[in-house]
Amino acid sequence: MKIPSQCGGPTMEDSSPSQNHNGQLGPSSGGINVGNKQSDEGNQKTQYSIPGILHFIQHEWARFEMERSQWEVDRAELQARIAFLQGERKGQENLKNDLVRRIKMLEYALKQERAKYHKLKYGTELQQGDMKPPIFDEPGGPEAPVDGEAPFTSVSNVSWRQGRQLLRQYLQEIGYTDTIIDVRSNRVRSLLGLNNNAESEENLNNAPVVTALNGNESSNKRASENQGRRTPAKKAQPSSLAEAMILDTEAAVIANFEFLSQTDVDMDDDDDMSDDLEPPDDDDQDDVKTTKRKGKSLMLNEGLADDVDAEAEEVLNELNLLTETEDSGSDIHTQGDPTDWGGAGMGFQPGAGHRRQMGAGGLGDEDVPNLGLGELAQLTVNNEAEAAYDIATTKESYRKTWNAKYTLRSHFDGVRALAFHPVEPVLITASEDHTLKLWNLQKTVPAKKSASLDVEPLYTFRCHTGPVLCLAMSATGEQCYSGGLDGAIHCWNLPCANIDPYDSFDPGVLTGNMEGHTDAVWGLSIHSQRLQLLSCSADGTVKLWSPTSKVPLLSTYISDQDGAPTSVDFIRDEPNRMVAAYNSAHCIVYDLESGKPVVRLETTQEVDNNVIGRQINCVVAHPTLPLTITAHEDRHIRFFDNTTGKLVHSMVAHLDSVTSLAVDPNGLYLLSGSHDCSIRLWNLDNKTCVQEITAHRKKFDESIFDVAFHPSRPYIASAGADALAKVFV
Amino acid sequence: MYCAKSLIVRLLFLARISEFSHQRSGLEKVILATMKMADGSTILRRNRPGTKAKDFSRWPDEPFEEMDSTLAVQQYIQQQIRREPANIDVILTPPDAQDEGVWKYEHLRQFCMELNGLAVRLQSECHPETCTQMTATEQWIFLCAAHKTPKECPAIDYTRHTLDGAACLLNSNKYFPSRVSIKESSVAKLGSVCRRVYRIFSHAYFHHRTIFDEFENETYLCRRFTAFVTKYNLMSKDNLIVPIMEEEGSGETDA
């Protein structure tokens, strides 16, 4: 503030004598005051003088004026901002209105097309009520979304039941009897573990009806299945399933419903299914909307085509339940759909939302619900649907029991390790007879009597001079690495899966070996993205290698107090860590770059003098969760949290020591093998044993050395001391 | 105590005789449990991860009678070899009441497995360019029987194919479905396998002498093999062309 400084400074300003300034020039008036004041300075100290008082008052006033001007400026700013925001808002609303308008137009076009199609197909007119071009409400319409829904619930609860009855009646007309419906519904229930979502069954049961019609409807069914399963299951599972599962599971479901005649549209669905995940909406809203939809379905006129609409409606209701209407608009993209309904489908979800918002009179709103929903159902089912869908079918595919399918006989001594090819039905086994063998599961020997097929090896890898103890397959499936008792790690280029077993010797198969360990190499693990290899050896070290670089050995990790490392694995959900397990029953998470231990996983405090009795035989890191699982010699399997190092769970898993673990690629199941001749499949959610398979015979006191899941196919394999490897499907 | 234990072991063995029963019966489980309880410190013959190479399979020998696994014969043979590889007599002597067919079979498996070591060493020296055919002496060229029509494979291919073929045959469910009893018809197969496998020795002896000697000094394999086939008459003596410097050796006879 200039005024006080000027008061202090002896600046004499010649200014206009007027002391009646009006606040705009506060500082200058201050200057004036100072000038006036100077003359009175002598008096001011001792007494109040009129000029002094005047001065003071003017001084204050000037200050006030300054502040006021300040405020005026702020206010102007804020007002500008308000104006700006209002403008933005208007812009958004306009945009929204435009979109809604567009949606209506598309819906109308869709209806037209549908009518045309129906006419062509059936030679009759499609009865779908009034098809008047949409009326565009002015923005007053969309603005009471919540209110609009409330009346729906009360009105349509009754009509919902009526709707179901109607649908059931339609089904019976077709010949889909009640028993089938019940069976299917029970089946679905059991798959999903649900008891209470009757809607989903209805969807599922009603869905097959659709397939009788045309391809689009079949896809509709699929989507409705998804819907049915999605709603209940979405709560159970986090939406973090690998999408690679999707195709498998879809294939499984297609197989289930044989009466699906048209598979081309199913493929479209496949494209559909690969969407972004959307978080689930309120469940309350879900029910509300569902019931409302069912009510709407009543409005449809008779005829099978309308049946389709009804189901498709339900489907779409479900669709809407779980997506924000606005957001979903962005998710929908046209697939390679030959019909132009794909385009119509694009607008559907916001349109449905719009419908919801269109006013309380929705029930009577004929035009909007009677869209050609068959094809719309193929549109982007969000991943909630497929998540639940996948879960259901994955559960299905895993819940069936695993049966021995292939027996791999060719080794002369115990098979110590095995690894599947990432993609093909090919695996490699490593044995104590110093060899590795490559097997193609499709090349089976014609079996005479037993149910399991014998497979003969395609190639034998010879280079180790001692038993081969561990094996790792690269993520591409082109190389594999093996470590043995002789301390050498060899790198092999895999020959093609279709070679003749008795081909000439190709010296290019052995591409190199990594020297560094001075004692038996017991564990190998390969990073799924980078080409890095971890190995642990009885010489007490864990080494990190980059096999393709000039100096393969990147670093060595030694822990002095823990004994010899027995097993290593990369931590899969964090980029630079690995976990190493030791035969002193300790387990340490290391940071790869610094080489320092990061977390020591808490080991049990059992008072057991026999340290060997607690040794960790195998450690695996979960592919997605920060979880490490260890297999112990004391028959336990223990789960540790990677971040805190705490023991999360411990269970007695087998009758004898647990030797090996494998986690399925989706992170849902755990396979464990033990020297008690059994392998067990565990559900990781509730840590219960889903299946036990007795396999392999004992040699000395050893039975099963290794187990593995196929990364992309439904195979599991076990490697035994009886020189056999078995593959289960 | 010993009687009880052996009784239990025998019971277990009997209980497990039927190879195709995969269910471990409750009775077995109980027996095992009592066995463990009775014998306070059971020796677990296991090679756990983290075992050093020198400690591999270093456990006290188990008498054959106490072995209760279906792979007892293999275990026994391996145990004897580990103990003393040069003592061929002991290795080749079957335990009492051992079925001879199974004994021969298991030995042949062991031979094929150990021959792998020789093959690995040969891989470095025996190239298709240098040894274009499988020969030992000048007289015979051996054709590889692993193909549909016998083919003149280079030596290294012959070695590999023969070993692979032997592995397939010896493990095939068709000829050798069981490891505790051998079909009569399959016993003849053993002879042909022996003959082919012997050629690997002879080629190595005549063409890659240093490798052969090195390997032989470590494993005594050729001597053992020769003794084995002689004892059980699996090959005609004329074919045994590798000179074995031993009293029971077959001497040098040209084939």
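Residues numbered from 1 in each chain as written. Chains lettered and ligands numbered in written order. Predicted model: local features only at pLDDT ≥ 70, side-chain atom pairs only at ≥ 80, totals over all residues. Heavy atoms only, no water.

Going by the annotation in an unreviewed UniProt entry, the name recorded for chain A is Striatin-4, with Cryptotermes secundus given as the source organism. Here chain A is described in UniProt, under the heading Sequence similarities (unreviewed entry), as follows: "Belongs to the WD repeat striatin family." (UniProt positions renumbered as here; feature names shortened; annotations may be inferred.)

**Student:** Help me understand the overall build of chain A, please; the structure alone is not making it clear to me.
**Tutor:** Of regular secondary structure, chain A possesses 16 helices and 28 strands. Counting all 729 residues of chain A, 57% fall into the buried class. Sequence-distant contacts in chain A: of pairs separated by 6 or more residues, those separated by 24 or more amount to 60%. Carbon and sulfur atoms form 54% of the exposed surface of chain A, whose accessible area is close to 30200 Å². (Helix = DSSP H or I, 4+ residues; strand = E, 2+ residues; numbered from the N terminus. Buried < 20%, exposed > 50% of the residue type's maximum accessible area, 1.4 Å probe, protein only. Contact = heavy atoms within 4.5 Å. Areas by Shrake-Rupley, 256 points an atom, 1.4 Å probe, with all protein chains shown as cover.)

**Student:** I would appreciate a short explanation of the environment of Thr 93 of chain B in the present structure.
**Tutor:** All names here are of chain B. Inspection of the secondary structure assignment puts Thr 93 in the loop between α4 (88–92) and α5 (100–125). Distance in space between the C-alpha atoms of Thr 93 and Gln 80 is 10.0 Å, their sequence separation being 13 residues. Apart from residues no more than four positions distant in its own chain, Thr 93 is found in contact with Tyr 76, Trp 103 and Lys 231. Polar contacts involving the side chain of Thr 93 include one to the main-chain carbonyl oxygen of Asp 89, which spans 2.4 Å. (Polar contact = N/O pair within 3.5 Å; in protein donor to acceptor, adjacent residues only side chain to side chain.)

**Student:** For this particular structure, what's the right way to read the nonpolar core?
**Tutor:** Soluble globular proteins: nonpolar side chains tend toward being buried together. Formed by 88 residues in total, the largest nonpolar core has its most connected members in Ile 428 and Phe 461 of chain A together with Leu 118, Phe 201, Phe 225 and Phe 228 of chain B. Residue contributions to this core peak at eleven residues, all from α5 of chain B. When neighbours within four sequence positions are excluded, Phe 461 of chain A is seen to be in contact with Ile 428, His 434, Thr 435, Leu 436, Lys 437, Leu 438, Trp 492, Asn 493, Leu 494, Pro 495 and Val 509 of chain A. (Core = buried A, V, L, I, M, F, W, Y, C linked by side-chain atoms within 4.5 Å.)

**Student:** Please clarify how helix α9 (residues 221–232) of chain B should be interpreted in this entry.
**Tutor:** Given 3.6 residues per helical turn, the α-helix brings residues three or four places apart onto the same face. All names here are of chain B. For α9, which comprises twelve residues, the first-to-last C-alpha distance of 16 Å matches the rise-based estimate of 16 Å (1.5 Å per residue) to within 8%. Summarising burial for α9: nine of the twelve residues are buried, a large majority. Contacts from the buried residues of α9 go to α3 (72–83), α4, α5, α7 (184–207) and α8 (209–219). With its phi angle positive at about 55°, Asn 233 sits one or two positions after the end of α9. (Expected span 1.5 Å × (residues − 1).)

**Student:** Teacher, can you tell me more about the interface of chain B and chain A here?
**Tutor:** Residue-level contacts link 50 residues of chain B with 59 residues of chain A. At the surface where chain B touches chain A, the tally comes to four salt bridges. For the salt bridge of Arg 46 of chain B with Glu 633 of chain A, the shortest nitrogen-to-oxygen distance reads 3.1 Å. Taken together, chain B and chain A are joined by 28 residue pairs in polar contact (both at pLDDT 80 or more). (Salt bridge = Lys/Arg side-chain N within 4 Å of Asp/Glu carboxyl O.)

**Student:** Any chance you could explain the sheet that holds strand β19 (residues 627–632) of chain A here in plain terms?
**Tutor:** Whenever strands of a sheet pair, they do so through backbone hydrogen bonds, lying parallel or antiparallel. All names here are of chain A. One open sheet holds the four strands; their spatial order is β18-β19-β20-β21, and the pairing between them is antiparallel. The open sheet terminates on both sides in strands that have one partner only, identified here as β18 (616–621) and β21 (647–652). Ignoring which end each strand starts from, the neighbouring axes of this sheet average 15° apart. The pairing of β19 with strand β20 (residues 636–641) spans five bridges and is classified as antiparallel. Paired with Thr 628 across the strands is Phe 640, a residue of β20. (Pairing = 2+ DSSP bridges. Axes fitted to C-alpha atoms, helices over the stretch in contact; angles between N-to-C directions.)

**Student:** When you look at the environment of Leu 544 of chain A in this model, what are you seeing that I'm missing?
**Tutor:** All names here are of chain A. By secondary structure assignment, the location of Leu 544 is in strand β12 (residues 541–545). Note: C-alpha distance between Leu 544 and Ile 526 (18 residues apart in sequence) is 9.7 Å. Non-local contacts of Leu 544, meaning those with residues more than four positions away in its chain, are made with Gln 532, Leu 533, Leu 534, Pro 552, Leu 553, Leu 554, Ser 555, Tyr 557, Phe 570 and Leu 592.

**Student:** Looking at this structure, how should I read the confidence of the model for chain B?
**Tutor:** Detailed reading of the predicted coordinates is not advisable wherever pLDDT is low. Residue and element names in this part refer to chain B. Of all residues in chain B, 80% have pLDDT values of 70 or greater, and the mean over the chain is 79. Counting interchain partners and residues more than four positions distant, the pLDDT-below-50 stretch residues 18–40 has 27 contacts. Counted against residues more than four places away or in other chains, residues 246–255, with its pLDDT under 50, gives 17 contacts. Quick note on the complex model: pTM equals 0.56, ipTM equals 0.78. (pLDDT = per-residue confidence, 0-100.)

**Student:** For this particular structure, what's the right way to read the packing of aromatic side chains?
**Tutor:** Evaluated as defined, the whole model comprises 18 aromatic pairs over all chains. Ring pairs connect the aromatic residues Phe 111, Tyr 198, Phe 201, Phe 225, Phe 228 and Tyr 232 of chain B, which therefore count as one cluster. The ring of Phe 639 of chain A has Lys 687 of chain A sitting right over it, with the charged end atom 4.8 Å from the ring centre. (Phe/Tyr/Trp six-rings, centres within 6.5 Å; stacked < 30°, edge-to-face > 60°. Lys NZ or Arg CZ within 6 Å of the ring centre and 35° of its normal.)

**Student:** I tried to follow the pattern of salt bridges on my own but got confused; where do I start?
**Tutor:** Residue and element names in this part refer to chain A. One pass over the full model with this rule turns up 28 salt bridges over all chains. Notably, a salt bridge pairs Arg 63 with Glu 60, separated by 2.5 Å at the nearest N-O pair. With Arg 63 and Glu 60 both in helix α3 (residues 50–122), this residue pair falls three residues apart, about one helical turn. Among the salt bridges present, the one from Glu 702 reaches Arg 416, with a minimum N-O distance of 3.3 Å. Residue Glu 702 is located in the loop between β25 (688–694) and β26 (704–709), and its partner Arg 416 is located in strand β2 (residues 415–420); the two are separated by 286 residues in the primary sequence.

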